[in-house]
Amino acid sequence: MTHDPRPFGRLLTAMVTPFTPDGSLDLEGAARLAAHLVDEQRNDALVISGTTGESPTTTDAEKESLLRAVIEAVGDRAQVVAGVGTNNTAHTIELAHAAEKAGAHGLLVVTPYYNKPPQAGVERHFRAVADATGLPIMVYDIPHRAGTAIATETMCRIAEHERVVAVKDAKGDLIASSWVLSRTDLAYYSGDDAATLPLLSIGGVGLVGTSSHFTGVPAKEMIEAYETGDTITALARHRQALPLFTGIFRSPGTILVKAGLSAKGLPAGPVRSPLVDASDEELKQLRQDAAAAGIVL
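So, here's what we can say about the structure.

Here's the deal with the packing of aromatic side chains
Argument step 1. Summed over all chains, the structure comprises 1 aromatic pair.
Argument step 2. Ring geometry for phenylalanine 8 and tyrosine 189: centres 6.5 Å apart, planes at 55°, overall tilted. Of this pair, phenylalanine 8 sits in the segment before strand E1 (11-14) while tyrosine 189 sits in strand E7 (residues 187-190), and the two are 181 residues apart along the sequence.
Argument step 3. Phenylalanine 8 sits in the buried class, given a relative accessible area of 1%.
Argument step 4. Using a relative accessible area of 0% as the deciding quantity, one classes tyrosine 189 as buried.

Here's the deal with the nonpolar core
The nonpolar side chains of soluble globular proteins are, as a tendency, buried together.
Argument step 1. Core analysis: the largest hydrophobic core is formed by 61 residues, its most contacted members being Met15, Leu46, Val70 and Leu107.
Argument step 2. Counting residues per element, this core draws most heavily on helix H1 (residues 27-39), at 6 residues.
Argument step 3. Grouped together as the second largest cluster of nonpolar side chains are 18 residues, Tyr140, Val165, Ala170 and Tyr189 included.

Some points on the pairing of E1
On a regular strand, one side chain projects to one face of the sheet and the next to the other, so that they alternate.
Argument step 1. Residues Leu11 and Thr13 of E1 are buried on one face, and the alternating residues Leu12 and Ala14, pointing to the opposite face, are buried as well.
Argument step 2. Here 3 bridges tie E1 to strand E8 (residues 206-209), and the two strands are oriented parallel to one another. Counterpart to leucine 11 in the pairing with E8 is leucine 207.
Argument step 3. Pairing of E1 with strand E2 (residues 45-48), which is carried by 3 bridges, proceeds in the parallel orientation. The residue of E2 that forms the bridge with threonine 13 is leucine 46.
Argument step 4. Between the parallel pair E1 and E2, the chain is carried across by H1, and the sense of this crossover is right-handed.

Scoring rules and cut-offs
- Residues numbered from 1 in each chain as written.
- Predicted model: local features only at pLDDT ≥ 70, side-chain atom pairs only at ≥ 80, totals over all residues.
- Heavy atoms only, no water.
- Phe/Tyr/Trp six-rings, centres within 6.5 Å; stacked < 30°, edge-to-face > 60°.
- Helix = DSSP H or I, 4+ residues; strand = E, 2+ residues; numbered from the N terminus.
- Buried < 20%, exposed > 50% of the residue type's maximum accessible area, 1.4 Å probe, protein only.
- Core = buried A, V, L, I, M, F, W, Y, C linked by side-chain atoms within 4.5 Å.
- Pairing = 2+ DSSP bridges.
- Right-handed = clockwise from strand over helix to strand, strands pointing away.

Okay, here's the thing in structure tokens:
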């Protein structure tokens, strides 16, 4: 099976979900933020209702409303990928059906978390979701959150499904990723902002970022430069953005992204419990990290 080498473009941001001051969904703000990320931060696609979008604390109805609002705002000029992964295969399929009906361009499906299925269960989960939808799927491999890594052999078997086209790779194992890349035509996107350039060097194609709420321009330039063989510029952009590639994760990324967006007057709002909003000290450190990357918050 041969897929588009960059099925979701080069740069995606896992968008935060804006809330109003009372904690309810801010659909107008979501549309404004999506337009900013596409038009100003050069994103080719947005991931809605990922972990950065606080998907563990939004309802299924909120996820659908959010997805529809973002598609209406930017779906004519960027792909919109719906996060539908849960640790319940039946529920994941329900979310996939709702996302497809709403007009999503693709699905992000994370490894089932907490219940730690064996590899046979991991494979069956992804195949079941892929069988149930007509949308292309990006598999999200993030063992430090999910509790289970997708083994190389399992990933290669999952890749045999025609609708499994990409991986958001947050495993932190370039050797394992390199083996999968050598044996499949999956498009690998870094799930760790600072690891994007190393992943490109073994055949990766882009980034699903968090700091890219702010670092979209240098991140996109880094990817484009590497693709054209300009490794000097690619390395320069990597080093330029590195303070914020890493600094955004001093606390859970959602917390600091929302603090930074609020500081810039962009839609964000509070986080939902059990997350807590950034402290003044955390915002001060974030501003310093951003300044080191040449970005003003």
